[in-house]
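Working through the structure, step by step
Each chain, written out:
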Amino acid sequence: MAAQPRSDGGTDTRTLHEIEQDVAQLEQHSFAETPTEGARDTQQGPWRWVIFLAALILAVFHVYTNAVFEGTLPQLQQGGFHLALGLFLAFLLYPAGTRQGRRQHTIGIALSVAGALVLLWLWIAGAAALSIVLPALGVLLVVQLSRYLPVRLFGIPLGDVVLSALGAFSGLYIFINYEEITRLGVRFDDEHIVVGTLGILLVLLAAQRALGSALVILASAMLVYAYLGPNFPGFLHHSGYGIDRIVATSFLGTEAVFGSPIWISATVIFLFLIFAAMLQRTGMERFFTDLALGGTGWATGGTAKVGVVSSAFSGTITGSSVANTVSNGAFTIPMMKKSGYRPEYAGAVEAASSTGGQLAPPIMGAAAFIMIEFTGVPYVEIIQAAIVPAILFFVGQFVVIHFDSKRFGIRGLPKSLLPSVRRLMSTRGYLLIPIVAIFMLLSMGFSPGYAAMGAIAVAVGVNVLVQLSELAVAFVPPRARKTALSDTPTSNRLVGSGILLVAMLILGAVGWAMFRGIAALAPEMTDAARVILTGIVLGVTVAVAGRIVLRRRNATADEEPVQQRVRNQLHAVVRLAVPFAVAAAALWAFFWVLDAVAPEDMARSTRILIVSVVVSVLAVLVLLPFQRWRSAEDDQLSLDSLLAGLVSATRLALPVIVACAAAGLIAGVITLTGLGLGLAGGLVAVAQGHLIPVLILSMLACLVLGIGLPTTANYVITATLAAPAILAILGAGLDEPTVAMLLMAHMFVYYFGVMADITPPVCLAAYAASGISGGRPLGTGVQAVRIAVSGFVVPFMFVLNPQLLLQEVTWTTGIVAVITGVVGASLVGVAVVGYIERRVHWVQRVLLALAGVGMMLHDWMSDLAGVLVWLRDQAHLIPAAVPVNIALPEHLTLAGIGADVPLGMVVSKLLALAVGTAVFLVHLRGARSAPLAGTRSSGV
């Protein structure tokens with residue numbers, strides 16, 4: 001039950017003490033140890049080491065095949081190894097659903113028997129050869145054995161072990177025989193068809209275990225559609241394909257399972273997951289949480305705003321709305337309830353903000369990386385286009401929560417409970433440098449995978465060197481007395497923020513000067529190496545300076561002697577450096593031996609495979625003697641935590657791998673049958689060539705598919721089916737769509753694929769949040785949609801106004817678009833809440849919503865004129881004598897700047913702003929003259 005605030009908007013002492021405990025737990029929470037949803041929590045005996053080693057091999061493989069080292073392998077080989085170990089680990093980590101009760105047991109047996117009968121019928125009818133029927137029957141038998149046979153091998157069902165081995169075999173077969181498979185095209189013998197059949201069924205089974213049944217049902221339906229195409233009417237009709245051809249296309253080529261989704265997963269997504277794991281283990285998420293507490297916890301509705309900011313930061317690193325809801329929500333939701341929020345509202349805040357994390361650069365959801373392949377647009381342009389919509393999403397969410405909190409009478413937390421932002425930035429602000437580094441590398445034209453590796457190097461290098469520098473900090477003499485950092489009064493907060501901003505600008509200038517200095521001293525060094533070196537040096541310098549300042553403030557004369565401090569730090573340095581030194585020596589010896597004994601004609605794939613396996617085994621062998629030397633701090637990297645981070649990245653990647661493989665199956669059938677072109681044409685015909693109806697139909701398709709599909713699979717399908725329809729209208733009359741059009745269409749379907757996680761009736765993130773809050777899942781979903789309303793409005797706005805994606809803009813029009821977009825999102829948020837200082841009349845709410853939409857549109861007056869012309873021509877609703885054309889000069893020249901701004905845009909936005917401002921003034925005037933009885937003081 002939610003705690004009720006006092007009548008003055010505060011919180012009672014007991015509740016405040018409980019909130020203080022929640023804040024402390026949130027600050028100490030280790031995000032790096034969040035378990036993978038649905039996976040086995042523990043493994044017995046040798047399986048623990050088998051899983052650890054396999055996961056480490058997969059991570060080392062992706063690091064070594066990055067452009068920094070050996071470079072990627074051919075698509076079938078890279079994807080084959082990626083899928084092989086992905087399936088191997090998926091069946092060991094994700095158990096089969098146990099069927100309880102006689103009814104469920106009977107249904108399972110009946111489905112198995114039905115599947116076997118269908119296979120036998122296809123064989124008898126000559127539609128399927130034994131090379132398809134026998135492997136399918138074998139997989140069906142093993143699946144049932146894994147569910148019902150009580151035989152276990154060191155705690156894991158024997159059937160799961162067999163499925164795991166088959167999954168590894170099917171992927172490695174592609175890895176080893178890719179040249180032969182590429183040469184054969186679609187003319188495969190029985191051996192290849194057997195492997196293809198096994199691979200398809202294992203991908204579907206792994207997807208069912210890791211992601212649920214919805215994606216499996218849809219993928220299976222698409223495979224059936226490829227076979228029964230002649231029986232469908234209209235644009236669904238096609239000539240049909242034999243089962244052998246379907247198997248060959250689906251698993252033995254680069255159009256389906258090993259198509260674009262799995263390729264991006266194997267070359268880009270996995271490296272960004274490693275980067276996310278390194279950020280988690282270097283304290284980035286904890287830093288973001290403290291920053292959220294210090295920056296927003298004091299404001300009106302502080303606990304809810306802390307939940308928004310911390311979950312948004314975490315979500316952009318993890319890229320999973322449900323996992324982030326469970327991880328962060330375990331701490332933020334109880335804190336919100338104790339502040340006075342209802343369970344449904346507290347859960348909705350967490351669900352909405354965790355979902356929005358996938359929309360925020362630089363590490364968006366996995367589908368954002370697949371967008372690279374579908375659009376051909378560089379990732380730096382994709383994240384650039386995502387910046388403003390993400391800002392509008394969270395601004396709208398903040399506005400809704402702020403005015404809801406005023407309506408509820410919920411104030412912020414006392415600043416004595418919250419960390420100091422200035423102290424955080426001075427002591428841990430260096431943690432932001434890897435984020436800056438990845439932006440720098442992307443903006444310099446490096447590939448996303450290369451940029452991720454550079455940022456990983458910066459994150460690891462800074463963390464390790466900062467630990468080594470603690471030895472120097474130990475020599476800093478203490479002050480005579482302890483001086484704590486005083487609490488900054490609200491009146492001086494702006495001054496403190498200004499000082500912080502100036503300090504960050506100075507650091508930026510120092511970093512740029514350092515970059516240019518390195519370029520002058522070492523002209524042969526690449527730009528990427530300069531960025532990495534600059535980031536490491538700057539990060540270590542800032543961290544050491546901050547630690548020295550902190551020690552001077554907090555150290556006292558009566559602490560332990562300097563000799564003891566130095567001895568302790570020296571011991572810590574030894575515990576850190578020795579395992580890394582031994583590992584480095586072992587790696588040097590291995591590569592020396594490999595170069596000496598390896599034949600000159602050794603295939604590159606063979607070398608990569610040997611290096612991935614041997615390096616992983618050596619790392620584990622080196623780790624074993626030093627296991628007791630683990631660091632006591634969660635944010636201090638050691639050899640143990642570094643390897644654990646690589647394994648954690650692999651575990652995070654498993655759902656992405658099977659989702660990309662299953663989504664690739666669907667995309668392959670769509671391409672094979674021509675369904676994408678047919679459906680796009682059907683959508684355009686239904687909408688009669690008008691954009692808004694196509695957008696609405698595409699939105700509904702994304703939300704419906706999102707009922708059971710992960711965001712990655714949702715995007716792959718809608719990018720194949722719905723995005724072409726949007727592009728057909730946007731690019732009418734053009735040979736090729738522009739970059740702006742591609743981003744508008746694909747960002748639209750991506751946004752609604754993400755928003756499906758909080759859209760009732762099946763809102764996965766809301767269900768996860770309600771399990772923690774104790775509220776009703778459906779009510780939590782409804783509140784989440786209300787809080788995240790900007791996420792449903794902004795996609796329509798950036799399709800109608802590409803300037804919100806920073807496309808087709810100048811500096812002037814881009815700044816105007818950002819400012820007016822923020823104002824518009826705020827007005828829409830106020831209209832949804834319906835409360836400022838008192839309740840807002842529904843007419844005023846409608847005017848606020850219209851004004852907000854008008855602020856986000858480019859030139860709504862011209863659009864309105866076009867609608868009126870269409871109505872006059874099509875429906876004869878307006879007499880022809882009524883003029884509807886708005887004649888305005890095209891541009892307005894701003895004196896002193898030399899910038900031309902479309903006059904229609906200026907007039908449109910000024911008029912919308914005037915309407916919104918007028919509503920606010922009228923409402924505030926009425927609130928002062930006639931306040932509602934019982935309205936609580938809201939606080940700042």
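Residues numbered from 1 in each chain as written. Predicted model: local features only at pLDDT ≥ 70, side-chain atom pairs only at ≥ 80, totals over all residues. Heavy atoms only, no water.

Of regular secondary structure, the protein chain possesses 37 helices and 4 strands. Here the protein chain, with 940 residues, has 54% of them falling under the buried criterion. Taking as baseline every contact in the protein chain between residues at least 6 positions apart, the subset at least 24 positions apart corresponds to 80%. Roughly 39,300 Å² of accessible area belongs to the protein chain as shown, and the carbon and sulfur atoms make up 66% of that amount. (Helix = DSSP H or I, 4+ residues; strand = E, 2+ residues; numbered from the N terminus. Buried < 20%, exposed > 50% of the residue type's maximum accessible area, 1.4 Å probe, protein only. Contact = heavy atoms within 4.5 Å. Areas by Shrake-Rupley, 256 points an atom, 1.4 Å probe, with all protein chains shown as cover.)

Three or more residues of helix α32 (residues 777–787) are buried, namely G779, T780, G781, Q783, A784 and I787. In this fold, the buried residues of α32 make contact with α15 (343–356), α17 (379–408) and α31 (764–773).

Scanning the entire structure with this criterion turns up 7 salt bridges. A salt bridge links R209 to D160; the shortest N-O distance between them is 2.8 Å. Remark: D160 occurs in helix α6 (residues 158–176) and R209 occurs in helix α8 (residues 190–211); sequence separation between them is 49 residues. Looking at R209, the relative accessible area reads 11%, which means it is buried. Among the salt bridges present, the one from R607 reaches D595, with a minimum N-O distance of 3.3 Å. (Salt bridge = Lys/Arg side-chain N within 4 Å of Asp/Glu carboxyl O.)

Let us look at a nonpolar patch on the surface. Together, I109, V113, L117, L120, W123, I124, L130 and L134 make up an exposed nonpolar region whose accessible area comes to about 770 Å². Of all the secondary-structure elements, those providing two or more residues to the nonpolar patch are α4 (102–124) and α5 (130–148). Element by element, the count of residues in the nonpolar patch is highest for α4, at 6 residues. Counting through the fold element by element, L134 comes out in helix α5. (Patch = residues over 30% accessible without salt bridge, like charges linked within 9 Å, V, L, I, M, F, W, Y side chains within 5 Å.)

For the structure on display, the rule yields 25 aromatic pairs. Relative to F81, the ring of F61 has its centre 4.3 Å away and its plane inclined at 35°; by these criteria the two rings are tilted. Of this pair, F61 sits in helix α2 (residues 46–64) while F81 sits in helix α3 (residues 75–93); the two residues are 20 residues apart in sequence, bridging distant segments of the chain. Both residues of the pair, F61 and F81, belong to the buried class. Above the ring of W49, the side-chain terminus of R48 is found at 5.2 Å from the ring centroid. (Phe/Tyr/Trp six-rings, centres within 6.5 Å; stacked < 30°, edge-to-face > 60°. Lys NZ or Arg CZ within 6 Å of the ring centre and 35° of its normal.)

The next thing to look at is a negative patch on the surface. Residues D189, D190, E191 and D244 make up a contiguous surface patch of negative charge. For E191, the location among the structural elements is in helix α8. The partly exposed category is assigned to E191, whose relative accessible area is 47%. (Lys, Arg positive; Asp, Glu negative; His and termini not counted. Charge placed at Lys NZ, Arg CZ, Asp CG, Glu CD.)

Looking now at the packing of α8 against helix α9 (residues 213–227). Between α8 and α9, the least distance of the axes is 7 Å, while the angle of their chain directions is 155°. In terms of orientation, α8 and α9 fall into the roughly antiparallel class. Mapping the contact onto sequence places I200, L204, A207, Q208 and L211 in α8 and S213, L215, V216, A219, S220 and L223 in α9. Of the residues contributing to the contact of α8 with α9, the split by class is 8 nonpolar, 3 polar and no charged. (Axes fitted to C-alpha atoms, helices over the stretch in contact; angles between N-to-C directions. Parallel < 35°, antiparallel > 145°, perpendicular 65-115°, else oblique. Nonpolar A, V, L, I, M, F, W, Y, C, P; charged D, E, K, R; others polar.)

Right, let's get into the confidence of the model for the protein chain. Looking at the protein chain as a whole, its pLDDT mean stands at 80, while 80% of the residues score no less than 70. Within the protein chain, strand β3 (residues 891–894) has the poorest average pLDDT of any element, 46, and α3 the best, 94. Every residue in residues 1–9 is under pLDDT 50, and counting partners more than four places away or in other chains gives 28 contacts. (pLDDT = per-residue confidence, 0-100.)

So, about the side chain of Q783. Along the chain, the position of Q783 falls in helix α32. What makes Q783 buried here is its relative accessible area of 17%. Residues in contact with Q783, not counting those within four places in the same chain, are R342, E344, Y345 and A348.

What follows deals with the environment of L441. Examined against the element boundaries, L441 turns out to sit in helix α19 (residues 433–443). Classification of L441 by relative accessible area gives buried; the value is 1%. Through-space distance from the C-alpha of L441 to that of A528 is 6.6 Å; in sequence the pair is 87 residues apart. Among all residues touching L441, those that are not within four sequence positions of it are F446, A451, G454, A455, A528 and V531.

Closest axis-to-axis distance for the helix α28 (residues 711–721)/helix α29 (residues 723–730) pair is 4 Å, and the angle between their directions is 40°. In terms of their interaxial angle, α28 and α29 are classed as oblique. Contacts from T718, A719, T720 and L721 in α28 reach A723, P724 and A725 in α29. Of the residues contributing to the contact of α28 with α29, the split by class is 5 nonpolar, 2 polar and no charged.

Turning our attention to the environment of G771. When you line up the elements, G771 lands in helix α31. Its relative accessible area of 64% is what places G771 among the exposed residues. Distance from G771 to G347, taken between C-alpha atoms, is 8.6 Å for residues 424 residues apart in sequence.

Right, let's get into unusual backbone geometry. Most peptide bonds take the trans form, and the phi angle of most residues other than glycine is negative. Unlike most non-glycine residues, F154 shows phi in positive territory, near 55°. Tracing the backbone shows F154 in the loop between β1 (152–153) and β2 (156–157). Located in the positive-phi region is E808, a residue other than glycine, with phi close to 55°. Relative to the helices and strands, E808 is located in the loop between α33 (790–800) and α34 (811–833).

A few words now on the environment of L468. Within the fold, L468 resides in helix α20 (residues 448–473). For L468, a relative accessible area of 31% puts it in the partly exposed group. Each C-alpha atom, one on L468 and one on L576, is 8.1 Å from the other, the two residues being 108 residues apart in sequence. When neighbours within four sequence positions are excluded, L468 is seen to be in contact with V573 and L576.

This part covers helix α14 (residues 321–339). Its axis deflected by about 60° at G329, α14 carries its strongest bend there. In terms of burial, α14 is a largely internal element, 14 of the 19 residues being buried. Where α14 ends, the next residue or the one after it, G340, has phi of about 125°, a positive value. (Bend = angle between axes of the 7 residues up to and from the residue.)

Our next topic: the side chain of S131. Within the element layout of this structure, S131 appears in helix α5. The class of S131 is buried, set by a relative accessible area of 8%. Discounting chain neighbours no more than four positions away, the residues touching S131 are D190, I193, V194 and T197.

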